[in-house]
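Here are the chains, one letter per residue:
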Amino acid sequence: MDSIIRLKDISFAYNKKMVFQNVDFVVNPGERIGLIGPNGSGKTTLLQIIMGLLKPQRGTIEVFGKMRKTDADFLEVRRKIGFLFQNSENQLFCPTVKEDIAFGPLNLGKSKDEALRIVKETCDILGLNGLEDMVTHKLSGGEKRLVALATVIAMKPLCFLLDEPSAELDEDAIERVLSYLKNYASTYVVVSHDKRFIEAATEKIYILKDGKLRLLT
Amino acid sequence: MHLEEFAEGKSILHNLDPRVKIIVFVVFSIFCVLAPGVKLPLFFLFYSLALLFIARPNTKAFISRLAMANLFIGIVWIFIPLSYKGNTYLALGSMNVSQEGIQYAVSITLKSNAVIIGTIALISTSSAFRLAHAMLHLKVPKKLIILFFLFYRYITVVHEEYLTIKRAILLRGFVPRTDIHTYRTFAYMVGGLLIKSYERAEEIYKAMLCRGFGGSFPLLDHFRMGHRDALFLLLSILTFFAFWMKS
């Protein structure tokens, strides 16, 4: 089967400061990948390159078997790959939880009723029932994180890119996220400093260090 | 930071259709601001006081907001009576306080307070989101509404950033003084806030792109205009006309 994501020979620099050089990265369907590395090693940058939010200086990005260069190419990528941001405050921009979760599905062309059904389903899965009508900025840090995850799940992506999914979460919430990933998600890349979470959630771990990406296990 | 304290209430005004409230408010403000003399603005002040009585906002918060606004009106009282030419009411050395000037200042005070109280009773009694939604229905340009709404959503976040920076500064023993070090610290604080806000804005935009943002926010709930809303609209407009006829 074709791979979902195929990065080839990617080099990226922020204002002439090299982040990584000649990196290759492949995600195949069904793969559960962990990505670790010291702070500032470019883990988030790598995920943003896949989503087309940052443009590498060199290299090619192939997603779902197609070369992606322009913003228009990345539209499909953004609709089919779910990206959880490191900071949930930035990901929740609608007034209420319900609206925020429905935002993605409505943009995908779902009807209002379908969107509301998806909201309900997603809240059921993550145990967020009762929060639907809460105002997003009044949620606690952990709740924000779970709602942010819910907004990503609601778009039913084929592959997830999760940037620090376990940060700010208590044990119980981490369990809920883990059980979602194990039972409902088949393909994902998790960036985390949380060793236990990475070990529990993923089967293949890469380390990004000194501008190079290598397979750890 | 609590932005919508007046919106949390259960009065009739809170439950009215925000579209109707915005329309009434716009008509009210125009009539009120254009009203000549002292008598007519006084009528409008009575109208907004009546609304205030129905809305029953938190007294303390209400008075503090009104006081803040009247601070600026105080400045009007310093300049207008002195600079307005007319019959002398009081002579202060070489300066003249004119009768017309005082009348004019009274008129301004009445009008401003009527509009401010009207804003609190009519506009602040709806949540920011319902107002944005109502404006969308009233065909206000979309870009303005998105600006208004995102401003509302993120001002608390910027405020939190400010508090974080302030705490960090205080924790390292900072005491403001009148010296270069203090000014520089304040400048860093403002600069830091600007940069953080800019970066945050970029991140939010990225998040919106990832969720398929195409320039507009889809709506989930819709308003329904009832008899009460129509009645309120009609009564208010009739009252405004009656005021004009009367004077």
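Everything quoted here is computed from the prediction, not taken from an experiment.

Things to note about the interface of chain A and chain B
- Contacts between the two partners involve 31 residues from chain A, matched on the other side by 28 residues from chain B.
- For the pair chain A and chain B, the two sides together bury roughly 2,800 Å², of which 60% comes from carbon and sulfur.
- At the junction of chain A with chain B, the criterion picks out ten residue pairs in polar contact (both at pLDDT 80 or more).
- For the side of chain A that touches chain B, the secondary-structure elements that each account for two or more residues are α2 (71-80), α3 (88-91), α4 (97-107) and α5 (112-126) of chain A.
- Residue classes in the side of chain A that touches chain B are distributed as 14 nonpolar, nine polar and eight charged.

A word on the pairing of strand β2 (residues 95-98) of chain B
All names here are of chain B.
- Relative to β2, strand β1 (residues 88-92) runs antiparallel, the two being bridged by four bridges. For Ala91, the partnering residue across the bridge sits in β2 and is Asn96.
- The loop that links β1 with its antiparallel partner β2 comprises two residues; one of these, Gly93, has a positive phi angle of about 60 degrees.

Things to note about the sheet that holds strand β9 (residues 204-209) of chain A
Residues and elements named next belong to chain A.
- Taken in spatial order, the six strands make up an open sheet running β6-β7-β8-β3-β9-β10, and their pairing is mixed. Lying at the two open borders of the sheet, with one neighbouring strand each, are β6 (81-84) and β10 (212-215). Taking each pair of neighbouring strands and ignoring which way they run, the sheet shows an average axis angle of 15 degrees.
- Two strands pair when backbone bridges link them, and β9 and β10 are joined in this way by four bridges, in the antiparallel orientation.

Some words on the domain arrangement of chain B
- For chain B, the domain assignment lists domain 1 (5-126 + 223-246) and domain 2 (141-210).
- Computed from C-alpha coordinates alone, the two centres of domain 1 of chain B and domain 2 of chain B are separated by 33 Å.

Things to note about the side chain of Thr185 of chain B
- Residue position: Thr185 of chain B is located in helix α8 (residues 180-210).
- What makes Thr185 of chain B buried here is its relative accessible area of 11%.

Observations concerning the sheet that holds strand β4 (residues 58-63) of chain A
All names here are of chain A.
- Strand order in the open sheet formed by four strands is β2-β1-β4-β5, with antiparallel pairing between adjacent strands. Only two strands of the sheet have a single neighbouring strand rather than two, namely β2 (17-27) and β5 (66-67).
- Summarising the sheet, β4 and β5 pair through two bridges and their orientation is antiparallel. Bridged to Glu62 within β5 is Met67.
- This element, helix α1 (residues 43-50), spans β1 (5-14), β2 and β4 of the sheet and lies at about 125 degrees to β1.

Observations concerning the environment of Tyr198 of chain B
- Note on placement: Tyr198 of chain B falls in helix α8.
- For the pair Tyr198 of chain B and Gly37 of chain B, spaced 161 residues apart in sequence, the C-alpha to C-alpha distance is 47 Å.

Cut-offs and rules
- Residues numbered from 1 in each chain as written.
- Chains lettered and ligands numbered in written order.
- Predicted model: local features only at pLDDT ≥ 70, side-chain atom pairs only at ≥ 80, totals over all residues.
- Heavy atoms only, no water.
- Contact = heavy atoms within 4.5 Å.
- Buried area = accessible area lost by both parts, 1.4 Å probe.
- Polar contact = N/O pair within 3.5 Å; in protein donor to acceptor, adjacent residues only side chain to side chain.
- Helix = DSSP H or I, 4+ residues; strand = E, 2+ residues; numbered from the N terminus.
- Nonpolar A, V, L, I, M, F, W, Y, C, P; charged D, E, K, R; others polar.
- Pairing = 2+ DSSP bridges.
- Axes fitted to C-alpha atoms, helices over the stretch in contact; angles between N-to-C directions.
- Domains from an automatic or database assignment.
- Buried < 20%, exposed > 50% of the residue type's maximum accessible area, 1.4 Å probe, protein only.

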